[in-house]
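# Overview (structure and organization)
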Amino acid sequence: MSSRRSRSKQSSGSRITDDQINDLVSKLQQLLPEIRDRRSDKVSAAKVLQETCNYIRSLHREVDDLSERLSELLATSDTAQAAIIRSLLNQ
Amino acid sequence: MNPQRLSLSFSSTSYKYRFVQGFIRALKRINRQKLATSLLSRSSPTEIYKRYLKVKSAADASMASAVGLRRAWSRALLQRIRDQERINFGNKYYKYCPAGTRIRGKSTTFTMIRNIKRSSDDRNCKDQESINNGALGWKANELRKLVPGGEAMDMCNLLDETAHYIKCLATQVKLMKRIADFASA
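Residues numbered from 1 in each chain as written. Chains lettered and ligands numbered in written order. Predicted model: local features only at pLDDT ≥ 70, side-chain atom pairs only at ≥ 80, totals over all residues. Heavy atoms only, no water.

Where an unreviewed UniProt entry is consulted, chain B appears under the name IBH1-like N-terminal domain-containing protein, with the organism given as Morus notabilis.

Put simply, the rule reads: UniProt positions are given in the numbering used here, feature names are shortened, and annotations may be inferred rather than shown by experiment.
The name recorded for chain A in an unreviewed UniProt entry is BHLH domain-containing protein, from Morus notabilis. Within the UniProt record for chain A, the comment given under Subcellular location (unreviewed entry) is "Nucleus".

Right, here's the structure in full:
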């Protein structure tokens, strides 16, 4: 965090450097499952942003589906809360 | 909780613990409400939809409060949830805020935000117009709609917040999947 601050202080008052943007874009690239597995360095920034949008949308959809599933489970049975927490933390 | 498993930048273990704790607590609350209103038709489509909304909002709220107020997206998400619940449930919304946020009033929240404000919020990202008009500009606008609080961010902060948001979303999905699998077993 401090190194990032000193770096931006050196370039403060001037434009955002392309390096900064590329840095952040490559950091995003590492998080995306498709691009990470494809093993190619040369992915354009626009493609990374596009994949990011798609990935976030798919994650939102998964959260919606899981919420629906959980709400249906609540309708039918009770959840054993302490057992769940214990089992999750022991994995 | 296994202390040796703390990762470097994203302390996932404590985050997972806080998320699961808050989420399970919220599920218990929703369950109690369901029992309280069991005289009505529990399985009517409206009831099911309302419960789905509550579960989803509880998941998002647990995720955002597990992160805390350190991140702009979590602050924006908590604000959005509070506003929605205020609309839906009136003054009773204080009940639904996860315990982690410890809401005592607007002034306290803003004081916390001021004190924990990270250096990234003060980062000097100039010349935003050239970036907005460039090739990345219109893609970034799509991203802004997806990330909570994204409209007010400049490019550097937006990319930074997106990275953290994706990590937390992926963890949320993983944990919810485990909870659902366990509950349905």
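## Concerning the overall build of chain A
Defined as follows: Comment: elements are numbered from the N terminus, with helices defined as DSSP H or I runs of at least four residues and strands as E runs of at least two. Whether a residue is buried, partly exposed or exposed follows from its accessible area with a 1.4 Å probe, protein chains only, as a fraction of its type maximum: under 20%, in between, or over 50%, in that order. Residue exposure ignores everything except the shown protein chains as possible cover, and the areas themselves are Shrake-Rupley values with a 1.4 Å probe.
On a plain count of helices and strands, chain A comes out with five helices and zero strands. Burial statistics for chain A: of 91 residues in total, 34% are counted as buried. Looking at chain A as shown, the accessible area adds up to about 5600 Å², and 46% of this sits on carbon and sulfur atoms.

## Points about the packing of aromatic side chains
To describe a pair of aromatic rings, one takes the distance between the centres and the angle between the planes. Residue and element names in this part refer to chain B. Convention followed: Geometry of aromatic contacts follows a simple scheme: Phe, Tyr and Trp rings, the Trp one being its six-membered ring, pair when their centres are within 6.5 Å, and the pair is stacked under 30 degrees between planes, edge-to-face over 60, tilted otherwise.
Taken as a whole, this structure holds four aromatic pairs over all chains when the rule is applied. Aromatic side chains Tyr49 and Tyr52 sit 5.8 Å apart centroid to centroid with 40 degrees between the ring planes, which places their arrangement in the tilted category. With Tyr49 and Tyr52 both in helix α2 (residues 45-67), this residue pair falls three residues apart, about one helical turn. Ring pairs connect the aromatic residues Tyr15, Phe19 and Phe23, which therefore count as one cluster.

## Some details on the environment of Asn157 of chain B
Residue and element names in this part refer to chain B. Rules: The definition of a polar contact used here is a pair of N or O atoms within 3.5 Å, where within protein one atom must be able to donate a hydrogen and the other to accept one, and adjacent residues in sequence count solely through side-chain atom pairs.
When you line up the elements, Asn157 lands in helix α7 (residues 155-184). Exposure remark for Asn157: the relative accessible area of 11% places this residue in the buried category. Polar contacts involving the side chain of Asn157 include one to the side chain of Asp154, which spans 3.1 Å.

## Considering the confidence of the model for chain A
Residue and element names in this part refer to chain A. Rules: On a scale of 0 to 100, pLDDT captures the predictor's confidence in every residue. Contacts between residues were defined by any pair of non-hydrogen atoms, one from each residue, lying within 4.5 Å.
Per-residue confidence for chain A averages 72 on the pLDDT scale, and 55% of its residues sit at or above 70. Within chain A, helix α1 (residues 2-10) has the poorest average pLDDT of any element, 48, and helix α4 (residues 45-76) the best, 87. Under a pLDDT of 50 for its full length, residues 6-14 has, in the predicted model, nine contacts with residues more than four places off or in other chains.

## Description of the pattern of salt bridges
Cut-off, in case you're wondering: A pairing counts as a salt bridge when a side-chain nitrogen of Lys or Arg comes within 4 Å of a carboxyl oxygen of Asp or Glu.
Taken as a whole and judged by the stated rule, the model has eleven salt bridges over all chains. As a salt-bridge pair, Lys177 of chain B and Glu62 of chain A come within 3.5 Å of each other at their nearest N and O atoms. Of this pair, Lys177 of chain B sits in helix α7 while Glu62 of chain A sits in helix α4, each in a different chain. One salt bridge connects Asp64 of chain A with Lys56 of chain B, and the closest N-O pair in it is separated by 3.6 Å. With Asp64 of chain A in helix α4 and Lys56 of chain B in helix α2, the pair connects residues from two separate chains. Given a relative accessible area of 22%, Asp64 of chain A falls into the partly exposed group. Looking at Lys56 of chain B, the relative accessible area reads 24%, which means it is partly exposed.

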